[in-house]
Amino acid sequence: MFHAKRLQKELSKVHQGLPPGIHLVAANDFQEWQMDIQVLDENPLYHGKTYRLNFKFSNNYPIEAPEVMFIRATDRDIPMHPHIYSNGVICLDLLSSGNGWSPVQSVESVCMSIQSMLTGNTKNERPDGDDQFVLRTNRSLRNIRFVYDDPTV
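Note that the structure is predicted; figures quoted are calculated from it, not measured.

Peer 1: If you had to explain the sheet that holds strand E4 (residues 67-71) to someone new, which residues and values would you point to?
Peer 2: Spatial strand order, E1-E2-E3-E4: 4 strands in an open sheet with antiparallel pairing. The strands lining the two open edges of the sheet, one partner per strand, are strand E1 (22-26) and E4. Strand-to-strand twist across the sheet, computed as the mean angle between neighbouring axes with direction ignored, equals 30°. Here strand E2 (residues 32-38) pairs with strand E3 (residues 50-56) via 7 bridges, running antiparallel. In the sheet register, Ile37 faces E3, and the bridge partner there is Tyr51.

Okay, here's the thing in structure tokens:
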């Protein structure tokens, strides 16, 4: 139950305070959490909007990255971004076990990375092939293999 102990520690830290623009919505167990994030600069694509992230943790967390995606909720939509599919799947090497993920990462650091990814974006578009990807994405996020080759976003 190492993952539960680690998540309990992270939850305690979350209750002490989070960086601006990041808010805990729900953490009822050690399997799934929801967080809201806001982009705090004047980026016109995201100004004044709040987005919801869903985190799913395996028993191998933090050795294995959590599954993280944007979800729709009341007053929450999926942000437009060249690395975010319209179904909420995020193409980000940090979220890929074996690539950019490291056990030193946390829910807070993932939220901050995604917040930063949105802050730096200037393209109001979805990834190439979004329609086809969304139609065939009925598998676990862990089984999706992305190629990370776009340093401009």
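Having seen it, we continue.
Peer 1: Got a sec to walk through the pattern of salt bridges? Specific residues and values, please.
Peer 2: Under the counting rule described, the total for this entry stands at 5 salt bridges. Here Arg72 ties to Asp77 by a salt bridge, and the two come within 3.1 Å at their closest N and O atoms. With relative accessibility at 52%, the residue Arg72 sits in the exposed group. One continuous salt-bridge network, built from bridges that share partners, spans Asp36, Arg52 and Arg76.

Peer 1: How would you summarise the pairing of E2 if you had to cite specific residues and measurements?
Peer 2: Here E1 pairs with E2 via 4 bridges, running antiparallel. Among the inter-strand pairings, Ile22 is bridged to a residue of E2, identified as Ile37. The loop that links E1 with its antiparallel partner E2 comprises 5 residues.

Thresholds applied
Residues numbered from 1 in each chain as written. Predicted model: local features only at pLDDT ≥ 70, side-chain atom pairs only at ≥ 80, totals over all residues. Heavy atoms only, no water. Pairing = 2+ DSSP bridges. Helix = DSSP H or I, 4+ residues; strand = E, 2+ residues; numbered from the N terminus. Axes fitted to C-alpha atoms, helices over the stretch in contact; angles between N-to-C directions. Salt bridge = Lys/Arg side-chain N within 4 Å of Asp/Glu carboxyl O. Buried < 20%, exposed > 50% of the residue type's maximum accessible area, 1.4 Å probe, protein only.

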